Amino acid sequence: MVSNFLRFLICMATMRASAAATGLRAGVAKVNATLPVGVPLAGYNHGRRRVKLWPIPDPLKYTNFMTPSVGHLQPTWAKALVIDNGEIKFCFVTVDAIGADGTLRRMAWERARDMGFTIPLDNVTLHGSHTHSGSGAITPELLWELAPATDILVPDLQEMMAEFIAKAMTQAEKNAQPASMGIHFGELVGVTANRRADISPYVNPGSIDERLGVVRVDTQDGKPLATVWNFAIHGTCWGPDQMMSNGDIMGGANDHIEAVIGGVALFINADAGDIAPAGSACAGKPNYAGAPVIAAHVQKIRSAAQTSSVVSLSAVSMTVPFGPTDMNLTLARVANCSQGGPLDICTICRVIDCDVNVHLDSAWVEQSPTFTALNIGSYHCTAEYRRSFHY
């Protein structure tokens, strides 16, 4: 059903494509969005990240079910790219965080609007990089708060993050200048692997999505202004015992792209599923061996993109009522346990098919996600703004 709806949404965006676009203008901004030491790091619900007596909380300034971070390994960033063809304005926003939160998106947009930002909410997309070492406690969804994977919402942290994002959005719009842009695609293999290859009989290490998409944005005189890259990967080079915030391998790749190409690099994750960085890509962290490999592929694909200063744009945004979420829990899914275990419980449950079906209302998981489709010339981009976080 979702795939059919996305196809419909893309068709709607295509039908609304502007026919008489004028010269393109684009602006980009990069704001340090590092939250204070002591915040929980979202992404893992075990190891040093979880309080010792979980599910008994250990309340501190920013944490309850998770333990506080102890420092910053790298800055975490909020970045924004605004494109304007004279008829349509659109803003991409990326953050070094575990996911994109619909509540946070609206909060940031409202703050940006109060700062003079003129782009409507429906034309703003917020993308979390999916680093597993970014700040938690910024989402109101109970499922992820109590797992614990993000920890209980701390309004002060959410407001700080919204402020950082709003500043990036307003600065990007103010920085708009004559520009050109192009899109190109390629493949990237060797830096990712399927993390369930040794667990599931249905996948192998090569069960990945190798597609790499790049949006190239240059100034009027051809200098790199922004590079948007889209690739499927989890930010899991660092594990649950890492207690310092960072952007993981995607943040490292962004640093390389900005150093080699110039301008600002914005990462938008694809359908990461169970696609994790390969061990060899994480070698040498935080100087990730895979980061320059990713950057080199992005540079190659970017250089192949043909740019134009006249670009047709259109956007469609729709909120879809999905209703309550049904979550099916089994030991195989929750604990990767299909045989053995205490009293051979995992084997017994596999044989008798014991499971639990939980029906979650809107307090636990967003029931009405918003989908946005953007048409850039003959290319189509889609984004979903649930408040849920995907692991």
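### Observations regarding the overall build of the protein
Within the protein, the regular secondary structure consists of nine helices and 19 strands. Per-residue burial for the protein yields a buried fraction of 52% across its 391 residues. Taking the intrachain contacts of the protein between residues at least 6 apart in sequence as the baseline, contacts between residues at least 24 apart amount to 79%. Total accessible area on the protein is roughly 17,000 Å²; 56% of this is exposed by carbon and sulfur atoms.

### Overview of the nonpolar core
Core analysis: the biggest nonpolar cluster contains 37 residues, and C91, V93, F117, V124, L157, I165 and M169 have the highest contact counts within it. Looking at this core, the elements that each hand over two or more residues are β1 (25-32), β4 (77-84), β5 (89-95), α2 (102-114), β6 (124-128) and α4 (155-174). Ranked by the residues each element gives to this core, the list is headed by α4, at nine residues. Look past the residues within four positions of M169 in its chain and what remains in contact with it is A80, V82, C91, V93, A108, W109, A112, F117 and V124. Within the second largest apolar cluster, 24 residues are counted, among which are V191, F231, M250 and A295.

### Thoughts on the state of the cysteines
Applying the stated criterion to the full structure yields one disulfide. Between the sulfur of C237 and that of C282 lies a disulfide, 2.0 Å long from S to S. One quick way to see it: the torsion about the S-S bond of C237 and C282 is about -80°, and its sign makes the bridge left-handed. Of this pair, C237 sits in the loop between β11 (224-231) and β12 (244-245) while C282 is found in helix α6 (residues 279-282), placing the two residues 45 residues apart along the sequence.

### Quick word on a nonpolar patch on the surface
Together, I345, I348, V351 and I352 make up a nonpolar patch on the protein surface, roughly 360 Å² of accessible area in all. With respect to the secondary-structure elements, I352 resides in helix α9 (residues 345-352).

### Some details on α4
Here α4 is 20 residues long and its end C-alpha atoms lie 28 Å apart, about the 28 Å a rise of 1.5 Å per residue gives. If you check which residues of α4 are buried, you get L157, Q158, M161, A162, F164, I165, A166, A168, M169, T170, A172 and E173.

### With respect to the sheet that holds β11
Reading across the sheet, the eight strands line up as β6-β5-β4-β1-β8-β10-β11-β13 and stay open at both edges, with mixed pairing between neighbours. Two strands close off the open sheet at either side, each with one partner strand: β6 and β13 (264-269). Pairs of neighbouring strands in the sheet enclose a mean axial angle of 25°, with direction left out of account. Taken together, the five bridges between β5 and β6 define a ladder with parallel strand orientation. If you follow F92 over to β6, its bridge partner there is T125. Set on the sheet, α4 makes contact with β1, β4, β5 and β6; between it and β4 the angle comes to about 30°.

### With respect to the packing of aromatic side chains
In the structure shown here, the tally under the stated rule is three aromatic pairs. Arranged with centres 4.3 Å apart and planes meeting at 50°, the rings of W229 and F267 form a pair that is tilted. Highlighted residues: W229 in strand β11 and F267 in strand β13, separated in sequence by 38 residues. The same class applies to W229 as to F267, namely buried.

### Here's the deal with unusual backbone geometry
Residues W54 and P55 are joined by a peptide bond in cis, for which omega reads 15°. Topologically, P55 is positioned in the loop between β2 (41-42) and β3 (71-72). Looking along the chain, the bond that leaves K285 and enters P286 is cis, with omega of 10°. If you trace the backbone, P286 turns up in the loop between α6 and α7 (290-304). Residue H130 is not a glycine yet carries a positive backbone phi of 80°. Mapped onto the elements, H130 comes out in the loop between β6 and β7 (134-135). The phi dihedral of D151 is positive, around 80°, even though this residue is not glycine. Here D151 is to be found in the loop between α3 (142-146) and α4.

### Focus: the environment of T94
Looking at the secondary structure, you find T94 in strand β5. With 171 residues separating them along the chain, T94 and A265 place their C-alpha atoms 9.7 Å apart. What T94 contacts, discounting residues up to four positions off in sequence, is W77, A78, K79, H127, L266, F267 and I268.

### As for the environment of A193
In this fold, A193 is placed in strand β9 (residues 192-194). A relative accessible area of 22% means that A193 is categorised as partly exposed. Here the alpha-carbon distance between A193 and D274, two residues 81 residues apart in the chain, equals 8.4 Å. When neighbours within four sequence positions are excluded, A193 is seen to be in contact with P205, I208, D274, I275, A276 and A278.

### Topic: the side chain of T125
Along the polypeptide, T125 turns up in strand β6. Residue classification places T125 among the buried residues on the basis of a relative accessible area of 3%. Here the side chain of T125 touches H127 through a polar contact of 2.9 Å, side chain to side chain.

### Re the pattern of salt bridges
For the structure on display, the rule yields nine salt bridges. Between K79 and E258 there is a salt bridge, with the nearest N and O atoms lying 3.0 Å from each other. Of the two residues, K79 sits in strand β4 while E258 sits in helix α5 (residues 248-260), which places them 179 residues apart along the sequence. Given the relative accessible area of 17%, E258 is considered buried. Between D209 and R211 there is a salt bridge, and its shortest N-O distance comes to 2.9 Å. For R211, a relative accessible area of 57% gives the class exposed. Look at the salt bridges and you will find they share partners, linking K30, K79 and E258 into a network.

What counts, and at which threshold
- Residues numbered from 1 in each chain as written.
- Predicted model: local features only at pLDDT ≥ 70, side-chain atom pairs only at ≥ 80, totals over all residues.
- Heavy atoms only, no water.
- Helix = DSSP H or I, 4+ residues; strand = E, 2+ residues; numbered from the N terminus.
- Buried < 20%, exposed > 50% of the residue type's maximum accessible area, 1.4 Å probe, protein only.
- Contact = heavy atoms within 4.5 Å.
- Areas by Shrake-Rupley, 256 points an atom, 1.4 Å probe, with all protein chains shown as cover.
- Core = buried A, V, L, I, M, F, W, Y, C linked by side-chain atoms within 4.5 Å.
- Disulfide = S-S within 2.5 Å.
- Patch = residues over 30% accessible without salt bridge, like charges linked within 9 Å, V, L, I, M, F, W, Y side chains within 5 Å.
- Salt bridge = Lys/Arg side-chain N within 4 Å of Asp/Glu carboxyl O.
- Expected span 1.5 Å × (residues − 1).
- Pairing = 2+ DSSP bridges.
- Axes fitted to C-alpha atoms, helices over the stretch in contact; angles between N-to-C directions.
- Phe/Tyr/Trp six-rings, centres within 6.5 Å; stacked < 30°, edge-to-face > 60°.
- Polar contact = N/O pair within 3.5 Å; in protein donor to acceptor, adjacent residues only side chain to side chain.

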